[in-house]
Every structure is written in structure tokens, then in C-alpha cells.
Amino acid sequence: MTFTSDCSNSPASSSACDDSEPHSEIISKQGEPGSPVVAYEVFARALHRFPKRMRLILMEEDHRRVEELQRQMTLVQSRHADSITARLSVGIGQGDFHPALLRKLQNTGRLGKPLFVLLDSFGGPDIPYSLLHELGRYRSTEVMVTFEPVFLTRFAERHDGHRKLGDEAFGSQEWQDVFRQPSSHKFTFLREQYRATLRQAGFTHTLYFEMVDEEGRKLYLIFGTQHELEREKMKDAMWKVNPSYGVRYRDPRDTEQQMLDLVFEPDTAPLQRILHDFYPKLPRSELSRSSSATPSWRPSTGPPK
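Residues numbered from 1 in each chain as written. Predicted model: local features only at pLDDT ≥ 70, side-chain atom pairs only at ≥ 80, totals over all residues. Heavy atoms only, no water.

Novice: Could you clarify how one ought to interpret the overall build of the protein chain in this entry?
Specialist: The helix and strand tally for the protein chain stands at eleven helices and ten strands. Taking all 305 residues of the protein chain together, the buried fraction comes to 46%. Across the protein chain, the fraction of contacts at a sequence separation of at least 24, relative to all contacts at a separation of at least 6, is 64%. Carbon and sulfur atoms make up 51% of the accessible area of the protein chain, which totals about 16000 Å². (Helix = DSSP H or I, 4+ residues; strand = E, 2+ residues; numbered from the N terminus. Buried < 20%, exposed > 50% of the residue type's maximum accessible area, 1.4 Å probe, protein only. Contact = heavy atoms within 4.5 Å. Areas by Shrake-Rupley, 256 points an atom, 1.4 Å probe, with all protein chains shown as cover.)

If you want it as C-alpha cells, here you go:
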């Protein structure tokens, strides 16, 4: 599944954001709404606050799923006022996400305009480096890639086809050194290799968040931009995640690797340990007061890098 959103102040505006998913569930196995429906709801709420116009383009390879997608999107549109649906149009087509995404952006004149591209993989390494490299040619384009390392660490070492997919995703074979890493370092190694891949593609500033769901599955959100300020803005945005969705953030600088639950009254002990590493002469009581005054889910108040 691919979905793109073109958001603007007017039909003629040049600003845009693009979200693309190679594989998205229309309805999850638990019966919850899939990502196209969730995305529509998020954009609709945003349009209540901002005078924007948005165009949501959904691409699905399987023609049978196209029909269900059409039904689900008609249903979600019916739940919103005409003032919202008139500014949030939906187009549904059949096709694979790559090269359909680039073709669509080229045909609509969006390449070279401000774009935010969300590439949501489906477990395996299905985002080709060639796509990242093409997007990275444009300074105003930013990407967010969901990256799940477990597939490559579990299945690729003894499977030629899976290793080839990894080569296509990373743009080289350097990632295969993961098979020589100790088990405790494999995920970290792949994450840093992928950040290097984004930089090679042109996204000079990267940021990652390690997300762990309620069943302990790990997923990295890896952001790439050519602007340092945009990286800082993304950092602030990611720490505003609604804590009710059962997603947790593991701070990579916490040596004891305690989970930081995204809650309204967080446990500040991990933050105190981080601060103490940077400011060892500060009394623990002062660290406790500082960390309580500035909650750990606001990275802009945390220690310098």
C-alpha cells in the first residue's frame, strides 16, 4: 500500500507533504483501522486547526484490496463534515509503491517541492536504496523510514534471496557484517548501517527512535533530512507521541537500558542517570529536582549530544 498526501494552503500552493507506505493494513488482524484510515483521521483533525487543503493518494497492488480500501475510505469520509471532506480529497489507484510513487510525484510536479515522505516497511527490507537516492537529490525532501531489524538478523544469513533484498535496501553489502556481530549488538549495528545509508542517499542529518510495542517487538523510526533545524523539530514532535497507544521509547543514552514509558508522570530515574554522566559534580538532589521539573519526554531540555 502506498499513500501520499499533498497538503497546501490553496490548490496552487507549492508546499506539500508526502506519506508513502509500501505495505499497509486496511484492517488489522485485531479488527482495528489500518494505516490509511488512521492517516485520514489524523489529517482530518489537523484540518480543523489549519486552513489547509490536502489530497490523499492511495496505491494498492492487489485489486481485491482496492475494493475494500474504497469501502473503508468512503466510510471514514462519512464521519466528517463537508467542510473537512471538501479540503481532504482521496484518490485510490492500483499499482506497486515503487516506482509508482516517483512517477506520481513527477507527474504532479511535486519533486523538488517541500516533501515529507513516510516509507513504512512491512517487516522485511522492502524500501529500495534507489528510491531513497532519488528522493535525496532534492534538498527540500525529508524521509521517515520504519525499519524492523529482526528479519535480516533471523532469516538473511542462510538465504540468498533475503540477503539480496538487504543489499538493495542498504545500497551495498556492508550491512552483511551484522552476521559477525555478537547477538547483543546486531540490532544496533543494522540501525547505524541504515543511518549511514540515508546519509549516503543525501540525507545528511538523521535521527532515530527505538520503539517497542507491548509484545516486546522492536521497531526503529529513522528520520533523514538535509537540515539540522528540521531534525530538531522532528525530535520534539516524536516526544509528543500519545502515551495511550502502548508504545514505549528506549533512550539510547541510558546505559542501564531502562524503558522510558511515554506517560504523563514519567519515572525520572533514567534521566537522572543520563544527566549525572554529563554533570557529575551536580548533587543527586539537584538532579532529581531538575529532572522532575523538566519531564524526560522533552528532548529539547535534555543533556547536550
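Alright, that's what it looks like, and here's the rest.
Novice: Help me understand helix α1 (residues 35-49), please; the structure alone is not making it clear to me.
Specialist: Owing to its 3.6 residues per turn, the α-helix aligns residues three or four sequence positions apart on the same side. Helix length check: α1 (15 residues) gives 22 Å between terminal C-alpha atoms against 21 Å at 1.5 Å per residue, within 8%. Among the residues of α1, those classed as buried are P36, V37, A39, Y40, E41, F43, A44, A46 and L47. (Expected span 1.5 Å × (residues − 1).)

Novice: Got a minute to help me understand the nonpolar core in this structure?
Specialist: Membership of the largest hydrophobic core comes to 33 residues, with the highest contact counts inside it found for L119, L132, L135, F170, W175, Y194 and L198. For this core, the secondary-structure elements that each account for two or more residues are α4 (100-107), β5 (115-120), α5 (129-135), β6 (141-147), α6 (150-155), α7 (160-170), α8 (186-200) and β8 (218-225). Ignoring anything within four residues of it in the chain, the contact list for L198 reads L132, V143, V145, F203, T206, I222, F223 and G224. Residues A44, L58, M73 and I84 belong to the second largest nonpolar core, which totals 14 residues. (Core = buried A, V, L, I, M, F, W, Y, C linked by side-chain atoms within 4.5 Å.)

Novice: Explain the packing of α1 against helix α2 (residues 63-78) here, please?
Specialist: Describing two packed helices takes the angle between their axes plus the distance from one axis to the other. Contact geometry for α1 and α2: axes closest at 10 Å, N-to-C directions at 25°. One way to sum up the angle between α1 and α2 is to call them roughly parallel. In terms of crossing hand, the pair formed by α1 and α2 is right-handed. Only L69, Q72, M73, V76 and Q77 of α2 make contact with α1, whose side of the interface consists of P36, V37, Y40 and E41. Residues that form the contact of α1 with α2 fall into these classes: six nonpolar, two polar and one charged. (Axes fitted to C-alpha atoms, helices over the stretch in contact; angles between N-to-C directions. Parallel < 35°, antiparallel > 145°, perpendicular 65-115°, else oblique. Left-handed = near helix turned anticlockwise from the far one by under 90°. Nonpolar A, V, L, I, M, F, W, Y, C, P; charged D, E, K, R; others polar.)

Novice: Explain the pattern of salt bridges here, please?
Specialist: Side-chain pairs of opposite charge can arise whenever the charged atoms involved come near each other. The final tally for this structure, using the stated rule, is twelve salt bridges. Close ionic contact of K218 with E210 constitutes a salt bridge, the shortest N to O distance being 4.0 Å. Connected through shared salt-bridge partners, R191, E192 and R195 make up one network. (Salt bridge = Lys/Arg side-chain N within 4 Å of Asp/Glu carboxyl O.)

Novice: What's the story with the packing of aromatic side chains in this structure? I'm lost.
Specialist: Think of a pair of aromatic rings as described by two things: how far the centres are apart, and how the planes are tilted against each other in angle. One pass over the structure, following the stated rule, counts eight aromatic pairs. When the centroid spacing of 5.9 Å and the interplanar angle of 85° are considered together, the rings of F147 and F170 count as edge-to-face. Here the residue F147 occupies a position in strand β6, and F170 occupies one in helix α7, the gap between them amounting to 23 residues. A residue is classified by how much of its surface remains accessible, and F170, at 4% relative accessible area, is buried. Plain terms: the ring middles of Y208 and Y220 are 6.1 Å apart, the flat faces sit at 85° to each other, and that makes the pair edge-to-face. Here the residue Y208 occupies a position in strand β7 (residues 205-212), and Y220 occupies one in strand β8, the gap between them amounting to twelve residues. Judged by relative accessible area, Y208 falls into the buried class, the value being 10%. A relative accessible area of 0% means that Y220 is categorised as buried. (Phe/Tyr/Trp six-rings, centres within 6.5 Å; stacked < 30°, edge-to-face > 60°.)

Novice: Explain the environment of G93 here, please?
Specialist: Here G93 lies in strand β4 (residues 88-94). Spatially, the C-alpha atoms of G93 and L58 are 6.2 Å apart, while their sequence positions differ by 35 residues. Ignoring sequence-local partners within four residues, the contact set of G93 consists of L58, M59, E60 and V66.

Novice: Can you help me understand the environment of Q226 in this one?
Specialist: Note that Q226 resides in the loop between β8 and α9 (228-238). When its relative accessible area of 14% is taken as the criterion, Q226 is described as buried. A sequence separation of 27 residues divides Q226 from R199, and the C-alpha atoms of the two residues are 9.0 Å apart. Residue contacts for Q226: discarding those within four places in its chain leaves G136, Y138, R139, G202, F203, T204 and H205. A polar contact of 3.1 Å, which involves the side chain of Q226, links it to the backbone oxygen of G136. (Polar contact = N/O pair within 3.5 Å; in protein donor to acceptor, adjacent residues only side chain to side chain.)

Novice: I keep staring at the pairing of β8 and nothing clicks. Help me out?
Specialist: Consecutive residues of a regular strand have side chains that alternate between opposite faces of the sheet. Among the eight residues that make up β8, six are buried, leaving the element largely enclosed by the rest of the structure. Here eight bridges tie β7 to β8, and the two strands are oriented antiparallel to one another. Bridge pairing in β8 links E210 to Y220. (Pairing = 2+ DSSP bridges.)

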